[in-house]
Amino acid sequence: MLLEHPMTGAVPITFIEPRRHPMHAHKTPAHDSYGRRIDYLRVSLTDRCNMRCVYCMPTVGVQFLPRPELLSNDELILVLRAAAAAGFRKIRLTGGEPTLRHEIVDLVRAIKAIPGIEHIAMTTNALRLRHLAVPLKEAGLDRVNVSIDSLDPQKFRQMTRGGSLDDVWAGVRAADEVGMRPIKLNAVVVRGMNDDEVVRLAALTTQYPWEFRFIEVMPLTGVAGLAEEGVISSAELVARITAHFGPLEPYGQDPSDPARRYRIPGAPGKLGFISAVTDPFCATCNRMRLTAEGRMHLCLLRDDELDLRAAVRSGAGQDEIEQLIRNAVSLKPWGHGLPEGVLPTLRGMSQIGG
Ligand code: SAM
Ligand code: SF4
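Let us look at the structure shown here. (Residues numbered from 1 in each chain as written. Chains lettered and ligands numbered in written order. Predicted model: local features only at pLDDT ≥ 70, side-chain atom pairs only at ≥ 80, totals over all residues. Heavy atoms only, no water.)

### A short note on the sheet that holds strand β12 (residues 287-290)
What links the strands of a sheet is backbone hydrogen bonding, and the strands pair in either a parallel or an antiparallel sense. Taken in spatial order, the 12 strands of this open sheet run β9-β10-β11-β8-β7-β6-β5-β4-β3-β12-β13-β14, and their pairing is mixed. Edge positions in the sheet fall to β9 (249-250) and β14 (305-307), since each has one partner strand and no second. Sheet topology note: the strand β4 (residues 90-94)/strand β5 (residues 119-124) ladder contains four bridges and is parallel. Counted as the bridge partner of Ile91 is Ile120 from β5. Set on the sheet, helix α9 (residues 234-245) makes contact with β7 (184-189), β8 (211-216), β10 (259-263) and β11 (270-274); between it and β11 the angle comes to about 155 degrees. (Pairing = 2+ DSSP bridges. Helix = DSSP H or I, 4+ residues; strand = E, 2+ residues; numbered from the N terminus. Contact = heavy atoms within 4.5 Å. Axes fitted to C-alpha atoms, helices over the stretch in contact; angles between N-to-C directions.)

This is how it looks when you write it as structure tokens:
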């Protein structure tokens, strides 16, 4: 059965019929009301960070959660067990900066041991990865995505308001050495800041077997003004890179990957373009987010949330939490409302995790 895009009717998606036997119905992987299978959970471990990237956090006015507000490790594991029972298979740890989370290595080990979880990745600024790559790999972390917006140490320091590019490279090397491959690097491209480096950044893929992903600035709370002026479309980036290297080859598109992937002909690495603003990929969205204080955040660019922490702290068991998670999945909106001018107002990116 096909469902239509509720606004345009133009984007059909496949609806997978749930199995009808009541015992099996309970254990059917969660699908949202548009028929999308939702099996990827991005978990924010903290809202704190050791950088202050210009497109993510404002310099003043950010209120951090007091530690008791965060899900404890035991509470988080309970929620993730319930998520796995609801059909979530892939976990990405994010933040704020996930490597700042207390006992991060033990936490990764405990998540890896949850039946049903097949893959754990992390999005990190890599400042602490030099020392953590070996223990994280041993604990079961499969891969990392590292944010790196500039190859110029001075500009990198400016864009991240204090980050050390040397430390980031040391982290990337450490992750590569322990085999967390393929390494994916992310750059948020901001007009007038780092857009002049796009060709240089793309050229890394001609030397290394990495995937370099360019992300359009999204208008989250605290940086919406910058997004208005700074957004530079993926189409423009592709044009600039093409002008330098010649036509790019489309490369093995995974429908649930938001990145449109290409390769510079002959390059060992790949390029990815994430165009949430100018070319949304909502029709194939397979993900939800869990905030550090235990709210299911249903769409990155909308405010809708469902609180799990209250249930956990009032003694709910795994089955009850699983039902809440399934409920959250069923309430997932079709997509974001940027084209209609609906902006998220509740949280900044550092409070959701990207
Ligand atoms: N601290 C980690 C890092 O920077 O990789 C993880 C958290 S960060 C919020 C997750 C991702 O969100 C990063 O790739 C970052 O570049 C991206 N990001 C932050 N603010 C953004 C914005 N306004 N628009 C698009 N991407 C953004
Ligand atoms: Fe921190 Fe990541 Fe946000 Fe930069 S993008 S301020 S590293 S959370």
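From this point, things continue past the structure.
### Structural notes on the site of ligand 1
Around ligand 1, the surrounding shell holds 20 residues, and the nearest of these are Tyr55, Gly96, Glu97, Ser147 and Met218. Backbone polar atom of Gly96 to a nitrogen atom of ligand 1: 3.0 Å apart, as the coordinates give it. Within the complex, the protein chains bury 95% of what would otherwise be the 540 Å² of accessible surface of ligand 1. Elements with a minimum of two residues in the shell around ligand 1: β5, β7 and β8. Residues belonging to the shell around ligand 1 are distributed by class as follows: eight nonpolar, 10 polar and two charged. (Near = heavy atom within 4 Å. Polar contact = N/O pair within 3.5 Å; in protein donor to acceptor, adjacent residues only side chain to side chain. Areas by Shrake-Rupley, 256 points an atom, 1.4 Å probe, with all protein chains shown as cover. Nonpolar A, V, L, I, M, F, W, Y, C, P; charged D, E, K, R; others polar.)

### A look at the packing of aromatic side chains
This model, assessed by the stated rule, comprises six aromatic pairs. Summarising the aromatic geometry, the rings of Tyr208 and Trp210 are spaced 4.2 Å apart at their centres and angled 10 degrees between planes, so their arrangement reads as stacked. Measuring from ring centre to ring centre gives 5.8 Å for Tyr262 and Phe273, while their planes differ by 70 degrees; the resulting arrangement is edge-to-face. With Tyr262 in strand β10 and Phe273 in strand β11, this residue pair connects regions lying 11 residues apart in the sequence. Judged by its relative accessible area of 22%, Tyr262 is partly exposed. A connected cluster of aromatic rings, assembled from ring pairs, spans Phe212, Phe214, Tyr262 and Phe273. Here the guanidinium or amino end of Lys90 rests over the ring plane of Tyr40, the centre of that ring lying 4.5 Å away. (Phe/Tyr/Trp six-rings, centres within 6.5 Å; stacked < 30°, edge-to-face > 60°. Buried < 20%, exposed > 50% of the residue type's maximum accessible area, 1.4 Å probe, protein only. Lys NZ or Arg CZ within 6 Å of the ring centre and 35° of its normal.)

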